[in-house]
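These are the residues of each chain, in order.
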Amino acid sequence: MSDITHSAPATQDTSATVHTTATAITPVKPWKGYQRIAFRIAFVFFIIMCIPTSWNWYTHLFTMDWLHLKYRDVYDIARFQPNLWNIESESGRWGIASYASWLAALGIAVIGAAIWTLFDRRKEYNVLYYWLRVIVRYRAGIGIIGFGYTKLFPVQMPYPSISNLHTNFGDFTAQKIYWLSIGIVPWYQVFAGIVEVLAGVLLFFRGTAAIGAVLLAGALANITFVNFAYDGGVHVYSAYFVLLGLFVLAYDIPGIYRLLVLEKYTVPVHYYPSFKEKWQQYTRYGLKSGAIILFVLILFYLQMWNYLYDPYKQPVTKGLADTQGYYNVTAFRLNNKVIPYSPLDTVRWQHVTFEKWSSLTYQVNKPVWLDLSNGGGSPKNDVDRNFELAGVAGGRRFFFYEADTVKQELVLRDKNRSAVNQGRERQRRNATDRPNTSKKKDPLFVLHYEKTGPRRIILYGLNENKDSIYVILDKVDKQYLLSPGNISAGQY
């Protein structure tokens, strides 16, 4: 397909005329046979990769409230990838089998190209190639901007919570260590976001698409490798953008090679349709402007609002006033029986933490199901925001609570799920697949609290097993080597 850069425009493929930036018009050069076959396969393949095939995506598109947009509304439009074939296995989650949908799309493309070849005798596809690149450019640009804004406003990898700071290093999964490592240097996260958003914006314009594709492929290739190395779970989605970037860049590689390697005078030649009819011009301007306004400007504002008031990785509800910190459990009674401290005890609480948001944690010597997700999925409800506990072993229990300051009660809901009753651990290839909390049957339990001093909290009541507990917590002043970042999400 490299010959396309030196070809004249075709006239039989579209009602719109086609121009080049070259001053002279040369005869259309037919493509070689293998080029036409390769293009037909590529065309079907990338259409499948770029056009949403999930009915949920369209349902979301046409039912969301466009007059009162939320961050998740627009982000869900930008975030999709083909989900044609899932293989339930270790490799299907972390390895090569997780790319089964790509293989399925390629199989469909080969079959489609074979049928296409039987009935089509055209000698070149210059115009169709142009439009395919437009589709891929916009798909890649929209997707990576949505991805990039979560880093530009650093909410994707938050600063470690207090409970995370008091978890043994060996109890973290590899992906958790990586995400927390990025979380402690938010300005690096911001820089990564700038690169991704810049790549997306450049892809919207024909003249800068090659630069955008280079940025996109380079940045996302690194993310792909990181996710493979740390079991991050986003290796398929990040590799998806690498693939799209390389396809866009392929058009300019012959010219780049001629200029940089052969050191020859090179004039880039680009096709673009010229729309004579007014409605065609208005439609083009409308679609282009609409995409830029929605996915660059409006999403910027919505993401900024999300950063300030609703960071999706951590609960948004404020925690009980003046409780944030780390506490020793100095007394613990279960059904009025005193249980002395023992690191081996499976019932007695240890190491209680209150976050600045509404999370209470404690540790026991009893394993809980390990959430292997990366804490993403942008759930709406605080109880479903699992970044704190994702990738954390060691027996720590996490609870979301609602505080009644009049009755001095904490209504707690267990955030730790099992492999059976939780829905967020599985891969969310479908953008609108969020946990449905209405189907969950999380038992609630209520604990009364008393503050008997600036550093002591007493909790008592019935726990989730209906056993009475009485717990005295004494706050510990902890000095950390890690300094909190000067940019943090949320208002607490």
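Residues numbered from 1 in each chain as written. Predicted model: local features only at pLDDT ≥ 70, side-chain atom pairs only at ≥ 80, totals over all residues. Heavy atoms only, no water.

### Comments concerning the overall build of the protein
Here is step 1: Looking only at helices and strands, one finds 13 helices and 11 strands in the protein.
Here is step 2: Counting every position in the protein, which comprises 492 residues, the buried fraction comes to 51%.
Here is step 3: Look at the contacts in the protein between residues 6 or more apart in sequence, and 72% of them connect residues 24 or more apart.
Here is step 4: Surface accessibility of the protein: about 23900 Å² in total, with carbon and sulfur atoms responsible for 62%. (Helix = DSSP H or I, 4+ residues; strand = E, 2+ residues; numbered from the N terminus. Buried < 20%, exposed > 50% of the residue type's maximum accessible area, 1.4 Å probe, protein only. Contact = heavy atoms within 4.5 Å. Areas by Shrake-Rupley, 256 points an atom, 1.4 Å probe, with all protein chains shown as cover.)

### Quick look at the packing of aromatic side chains
Here is step 1: Counted under the stated rule, the structure contains 41 aromatic pairs.
Here is step 2: Judged by centre distance (5.8 Å) and plane angle (55 degrees), the ring pair of W357 and Y492 falls under tilted. Highlighted residues: W357 in the loop between β5 (350-354) and β6 (359-363) and Y492 in the segment after β11 (468-476), separated in sequence by 135 residues.
Here is step 3: An aromatic cluster of at least three residues, connected via ring pairs, comprises W31, F39, F43, F45, F46, W116, Y125, Y129, F247 and Y251.
Here is step 4: One Lys or Arg, R133, reaches over the ring of Y251 and ends 4.1 Å from the middle of that ring.
Here is step 5: Positioned over the ring face of F80 is R139, at 3.9 Å from the centre of the ring. (Phe/Tyr/Trp six-rings, centres within 6.5 Å; stacked < 30°, edge-to-face > 60°. Lys NZ or Arg CZ within 6 Å of the ring centre and 35° of its normal.)

### A look at the nonpolar core
Buried together is how nonpolar side chains tend to be arranged in soluble globular proteins.
Here is step 1: Formed by 74 residues in total, the largest nonpolar core has its most connected members in F39, F46, V136, L216, L220 and Y240.
Here is step 2: It is helix α6 (residues 126-152) that contributes the most residues to this core, 12 residues altogether.
Here is step 3: Ignoring sequence-local partners within four residues, the contact set of L216 consists of A140, I144, A199, L203, F241 and G245.
Here is step 4: Counting 24 residues, the second largest nonpolar core, distinct from the first, contains L412, L459, I469 and V471. (Core = buried A, V, L, I, M, F, W, Y, C linked by side-chain atoms within 4.5 Å.)

### Brief notes about the pattern of salt bridges
Here is step 1: Scanning the model with the defined rule gives 11 salt bridges in all.
Here is step 2: Residues D76 and R79 are paired through a salt bridge, measuring 3.1 Å at the closest nitrogen-oxygen approach. For the pair D76 and R79, one class covers both residues: buried.
Here is step 3: Between D414 and R397 there is a salt bridge, with its nearest N and O atoms 2.6 Å apart. You can see D414 sitting in strand β8 (residues 409-414) and its partner R397 sitting in strand β7 (residues 396-404), a full 17 residues away along the chain. (Salt bridge = Lys/Arg side-chain N within 4 Å of Asp/Glu carboxyl O.)

### A word on the pairing of β7
Here is step 1: As defined by bridge partners, β6 adjoins β7 across 5 bridges and the pair is classed as antiparallel. Bridging from a neighbouring strand, L360 pairs with F399 of β7.
Here is step 2: Where β7 folds back on β8, the antiparallel hairpin that results is connected by 4 residues, among which Q408 adopts a positive phi of roughly 55 degrees. (Pairing = 2+ DSSP bridges.)

### Focus: the environment of V242
Here is step 1: One can find V242 in helix α11 (residues 235-250).
Here is step 2: In contact with V242, other than residues within four places in its own chain, are A217, L220, A221 and T224.

### Focus on unusual backbone geometry
Here is step 1: Even without glycine at this site, N335 takes up a positive phi of about 55 degrees.
Here is step 2: With respect to the helices and strands, N335 occurs in the loop between β3 (325-334) and β4 (337-338).
Here is step 3: Assessed through its relative accessible area of 42%, N335 is described here as partly exposed.
Here is step 4: Phi at N336 takes a positive value of approximately 65 degrees, unusual for a residue other than glycine.
Here is step 5: With respect to the helices and strands, N336 occurs in the loop between β3 and β4.

### Description of helix α8 (residues 174-183)
Here is step 1: Burial in α8 covers these residues: Q175, K176, W179, L180, I182 and G183. Angularly, the buried residues of α8 cover 160 degrees about the axis, an arc narrow enough to put them on a single face.
Here is step 2: Residues of α8 that are buried make contact with α7 (162-165), α9 (186-203) and α10 (209-230). (Arc of directions from axis to C-beta.)

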